[in-house]
Amino acid sequence: MHDIRVIRANPAAFDAALSRRGLPPIAAEVLRLDEQRVEAVRITQAAQTTRNELSRQIGAAMKAGDSATAERLKAEVKAALDAAAAATPDVHEAARDALLATLPNLLDGQVPDGVDETDNVVQHVQGSQPNRDFTPRQHFELGEALGMDFATAAKLAGARFTVLRGPLARLERALGQWMLDLHVEQHGYTECAVPLLVNDDSMYGTGQLPKFKEDLFGTTDGRWLIPTAEVPLTNFVRGEILAEASLPLRLTALSPCFRSEAGSAGRDTRGMLRQHQFAKVELVSITHPEASAAEHERMTACAEQVLTRLGLVWRRVLLCAGDTGFGAARTYDLEVWLPGQQAWREISSCSNCRDFQARRMEARFRPAEAKALEVPHTLNGSGVAVGRALIAVLETHQQEDGSVILPEVLRPYMGGIEVLRPAA
RNA sequence: GGAGAGGUGGCGGAGUGGUCGAUCGCGUCGGUCUCGAAAACCGAAGUAGGUGCAAGCCUACCGUGGGUUCGAAUCCCACCCUCUCCGCCA
């Protein structure tokens, strides 16, 4: 949600900023709706002032037993209220906010121009592929013999689900546990267990609603399955006035994520790359506005640690204007190299949302040198997607015989298993 | 699911139709006192919107949304949440 004062102060700059996302000018319309609101507020408040004054006089008149005066004043109040009845500030405010709620965040100045992922800028590449004298297989080719079962999942739930069995199921659990432990023990995040079902207000706060309803699964009682733990974690501060000293807040959670994948029919249909349900470790930071840029770098580095320690080949990409998400001002994607697929695939996305979500959530903090309340910044990042990490581990560490050598860091979580071996 | 109780400012807790944005206590901040502190005393302090150069003034907000009334924290209705008991259940 944008600060109406910013738009008022410089509508042309606002439109120019939105145009980077390919959007037409909208500031004039926003201001028109806001002016209607202000006008309605003036009319309503003037009538209320009259009512309050006369009501006091009515009370005095009745106490004095002067019912004639009281009745006359009552008629006067009624006339004043009737005259103002057509002014509906709430309706106008709702109209203005409904429009504002559909406008994406303004981009950071350093975000490169561009329309899609081909315009993203690679900033760093880490690791290199080992030499192999065999053609690496894709994860689902390896997976079949290791306990990856798509047929059973399809029977149970349909397409875009996976059943894991045996050591492979344990590997998924190990990845999640290890990532969580890493962020808690090494990176200063607080582990959280969160609701996987949330209400409209939470989805609105982080920006999934009202625009992206079709990406979500809803429940019969009006709740939503979370598409990422970013939603519950970030909404921790919704409606709160935080103490400045409590910042930054660093929260992490391992959770299942549910996405309808509407609009991606036919994409990545094989394997477990794109699922309706997947596990992810999420990182969320709530920071002082001046600290968010540095926090963004720090958070991304935390996610990068995961990939590096798993021995994966990865790169960091700064998303271009057209590829940066609705709520984000600036986003780094971490892409992992999948040797079986011979492609870079997103495994983490780290965004600085600045005050965009915080305004939607009406989260604020009180500066120590207390004057006006300020709006904190929110950031979120995958640290990292567990399902895709599992894929990357399989494809990266596969051997010619179809076995997979597990990264050292996971072995304590695997009960001594060092190698996944295909079942004959 | 059934029955009951309750949701008021950072916290506790008054207030059941007329200057109530709200008594009071605790906590917080500033000051007096003190070598310093404590205690005591004095004072300040909510959020949002409108208006104004500003000081300030005005409006709304006592879980949320409606309603009654000249006037609602107070009365009525619906919903949400919390607590207690019963039932069911991982």
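Residues numbered from 1 in each chain as written. Chains lettered and ligands numbered in written order. Predicted model: local features only at pLDDT ≥ 70, side-chain atom pairs only at ≥ 80, totals over all residues. Heavy atoms only, no water.

The name recorded for chain A in an unreviewed UniProt entry is Serine--tRNA ligase, from Falsiroseomonas selenitidurans. The UniProt entry for chain A carries the following comment under Pathway (unreviewed entry): "Aminoacyl-tRNA biosynthesis; selenocysteinyl-tRNA(Sec) biosynthesis; L-seryl-tRNA(Sec) from L-serine and tRNA(Sec): step 1/1." For the record of chain A, the UniProt heading Function (unreviewed entry) holds the text "Catalyzes the attachment of serine to tRNA(Ser). Is also able to aminoacylate tRNA(Sec) with serine, to form the misacylated tRNA L-seryl-tRNA(Sec), which will be further converted into selenocysteinyl-tRNA(Sec)." (UniProt positions renumbered as here; feature names shortened; annotations may be inferred.)

(A) Focus on the overall build of chain A. Along chain A, the regular secondary structure elements total 13 helices and 16 strands. C-alpha extents for chain A along the principal axes are approximately 100 × 45 × 40 Å. Split into buried and exposed, the 424 residues of chain A put 49% on the buried side. Partitioning the intrachain contacts of chain A with sequence separation of at least 6 by distance along the chain shows that 73% fall at a separation of at least 24. Within the structure as shown, chain A displays about 19,700 Å² of accessible surface, and the carbon and sulfur contribution to it stands at 51%. Each charge sign in chain A was given a centre, from 46 positive and 55 negative side chains, and these centres are 3 Å apart. (Helix = DSSP H or I, 4+ residues; strand = E, 2+ residues; numbered from the N terminus. Buried < 20%, exposed > 50% of the residue type's maximum accessible area, 1.4 Å probe, protein only. Contact = heavy atoms within 4.5 Å. Areas by Shrake-Rupley, 256 points an atom, 1.4 Å probe, with all protein chains shown as cover. Lys, Arg positive; Asp, Glu negative; His and termini not counted. Charge placed at Lys NZ, Arg CZ, Asp CG, Glu CD.)

(B) View of the side chain of E395. When you line up the elements, E395 lands in helix 13 (residues 386–396). E395 has contacts with R132, R137, Q138, H139, L142, L338, P339, G340 and Q341, leaving out every residue within four places of it along the chain.

(C) Representation of the packing of aromatic side chains. One pass over the full model with this rule turns up three aromatic pairs. When the centroid spacing of 5.3 Å and the interplanar angle of 65° are considered together, the rings of W337 and W344 count as edge-to-face. Among the residues examined, W337 registers a relative accessible area of 17% and is labelled buried. For W344, a relative accessible area of 25% translates into the label partly exposed. Across the ring face of Y332, the terminal group of R316 is positioned such that the distance to the ring centre comes to 4.4 Å. Cation over ring: R360 sits above Y204, and NZ or CZ is 4.6 Å from the ring centre. (Phe/Tyr/Trp six-rings, centres within 6.5 Å; stacked < 30°, edge-to-face > 60°. Lys NZ or Arg CZ within 6 Å of the ring centre and 35° of its normal.)

(D) Structural view of the domain arrangement of chain A. With domains assigned, chain A is organised as domain 1 (4–100) and domain 2 (117–420). One C-alpha centre belongs to domain 1, the other to domain 2, and the line joining them spans 44 Å. (Domains from an automatic or database assignment.)

(E) Structural view of the layout of surface pockets. Put simply, the second largest pocket is a space of about 420 Å³. Together, 16 residues line the second largest pocket, and M1, D3, R5, R359 and E362 are the ones closest to its centre. Looking at the lining of the second largest pocket, the elements with two or more residues in it are helix 1 (4–9), helix 5 (89–100) and helix 12 (356–361). By residue number, the principal contributor to the lining of the second largest pocket is helix 5, which donates four residues. Per-class residue counts for the lining of the second largest pocket are seven nonpolar, one polar and eight charged. (1 Å grid on protein atoms, 1.4 Å probe; cavity = no way out; pocket = protein on both sides within 12 Å on 5 of 7 lines; lining within 4 Å. Points joined across faces, edges and corners; volume = space filled by probe spheres on them. Nonpolar A, V, L, I, M, F, W, Y, C, P; charged D, E, K, R; others polar.)

(F) View of the sheet that holds strand 4 (residues 190–191). Ordered in space as 1-10-11-12-14-9-8-4, the eight strands form an open sheet in which the pairing is mixed. Only two strands of the sheet have a single partner each, and these edge strands are strand 1 (121–126) and strand 4. Pairing of strand 10 (residues 314–318) with strand 11 (residues 330–338), which is carried by five bridges, proceeds in the antiparallel orientation. Bridging across to strand 11, L318 finds its partner in Y332. The strands that helix 11 (residues 292–309) touches are strand 1, strand 8 (249–258), strand 9 (277–287), strand 10, strand 11, strand 12 (343–354) and strand 14 (377–385); relative to strand 14, the one it contacts most, it runs at about 5°. (Pairing = 2+ DSSP bridges. Axes fitted to C-alpha atoms, helices over the stretch in contact; angles between N-to-C directions.)

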